[in-house]
Amino acid sequence: MLELGSVGCIPCEQMKPVMEKLRTNYKGKLEVIFVDIRKERDTGRKFGVTMIPTQVFLDKTGKEFHRHLGFYGYEEIVPVLKKAGI
């Protein structure tokens, strides 16, 4: 899972506890990576980010299977992961 956002963005900061909970509860099953697109603009362009935060879920081959824009609560993410077999 890529969390594409920026340091100081309020909804991005609100995602930090969600990302930590995902890292803890899905350790060894899900990798959660934060990318500050203000510093890594090429990554933002590569993934077509138009709003932050943007969450991009990738399968083991790197193919995108789900995307969400804005704050994304833990309880909303879990069904997406279950549907993907994670």
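Talk me through the overall build of the chain; I want residue IDs and the actual numbers.
A count of helices and strands for the chain gives 3 helices and 4 strands. Beginning at the N terminus, the succession of helices and strands in the chain can be written as β-α-β-α-β-β-α. In summary, the chain has a C-alpha radius of gyration of 12 Å against a globular reference of 12 Å for 86 residues, a match within 12%. Taken over 86 residues, the chain has a buried fraction of 41%. Long-range pairs, those at least 24 residues apart, make up 56% of the contacts in the chain with a sequence separation of at least 6. Accessible surface computed for the chain: about 5,400 Å², of which carbon and sulfur atoms make up 54%. Side-chain charges of the chain comprise 15 positive and 11 negative groups, with the mean position of each set lying 3 Å from the other.

I'd like to hear about the side chain of Gln55, residue by residue, with values.
Summarising the element assignment, Gln55 is placed in strand β3 (residues 54-58). At 3.0 Å, the side chain of Gln55 and the backbone oxygen of Gly70 are in polar contact. Excluding residues within four positions of it along the chain, Gln55 makes contact with Met1, Leu2, Glu3, Met15, His66, Arg67, His68, Leu69, Gly70 and Tyr72.

I'd love a proper account of helix α3 (residues 74-83), names of residues and values included.
Taken together, the buried positions of α3 are Tyr74, Ile77, Val78, Val80 and Leu81. The buried residues of α3 occupy an angular sector of 165 degrees when projected down its axis, which confines them to one face. Exposed residues lying more than 90 degrees from the buried face of α3 are Glu75, Lys82 and Lys83. In the core, the buried residues of α3 are packed alongside α1 (10-25), β3 and β4 (64-69). Backbone geometry just downstream of α3 places Gly85 in the positive-phi region, at approximately 80 degrees.

Which residues make up the packing of aromatic side chains, and what values do they have?
For the coordinates displayed, the defined rule picks out 2 aromatic pairs. Taking 6.1 Å as the distance between ring centres and 50 degrees as the angle between the ring planes, the aromatic pair formed by Phe57 and Phe65 counts as tilted. Judged by relative accessible area, which is 1%, Phe57 ranks as buried. Judged by its relative accessible area of 33%, Phe65 falls in the partly exposed class.

Describe in detail the packing of α1 against α3, supporting the description with residues and values.
Packing of α1 against α3 leaves a shortest axis separation of 10 Å and a crossing angle of 40 degrees. Taken together, the axes of α1 and α3 are oblique relative to one another. Once α1 is placed against α3, the crossing between them reads as right-handed. Contact residues: Val18, Lys21, Leu22 and Asn25 in α1; Tyr74, Glu75, Ile77 and Leu81 in α3. For the contact of α1 with α3, a count of residues per class yields 5 nonpolar, 1 polar and 2 charged.

Rules of the game
Residues numbered from 1 in each chain as written. Predicted model: local features only at pLDDT ≥ 70, side-chain atom pairs only at ≥ 80, totals over all residues. Heavy atoms only, no water. Helix = DSSP H or I, 4+ residues; strand = E, 2+ residues; numbered from the N terminus. Rg over C-alpha atoms; globule rule 2.2 N^0.38 Å. Buried < 20%, exposed > 50% of the residue type's maximum accessible area, 1.4 Å probe, protein only. Contact = heavy atoms within 4.5 Å. Areas by Shrake-Rupley, 256 points an atom, 1.4 Å probe, with all protein chains shown as cover. Lys, Arg positive; Asp, Glu negative; His and termini not counted. Charge placed at Lys NZ, Arg CZ, Asp CG, Glu CD. Polar contact = N/O pair within 3.5 Å; in protein donor to acceptor, adjacent residues only side chain to side chain. Arc of directions from axis to C-beta. Phe/Tyr/Trp six-rings, centres within 6.5 Å; stacked < 30°, edge-to-face > 60°. Axes fitted to C-alpha atoms, helices over the stretch in contact; angles between N-to-C directions. Parallel < 35°, antiparallel > 145°, perpendicular 65-115°, else oblique. Left-handed = near helix turned anticlockwise from the far one by under 90°. Nonpolar A, V, L, I, M, F, W, Y, C, P; charged D, E, K, R; others polar.

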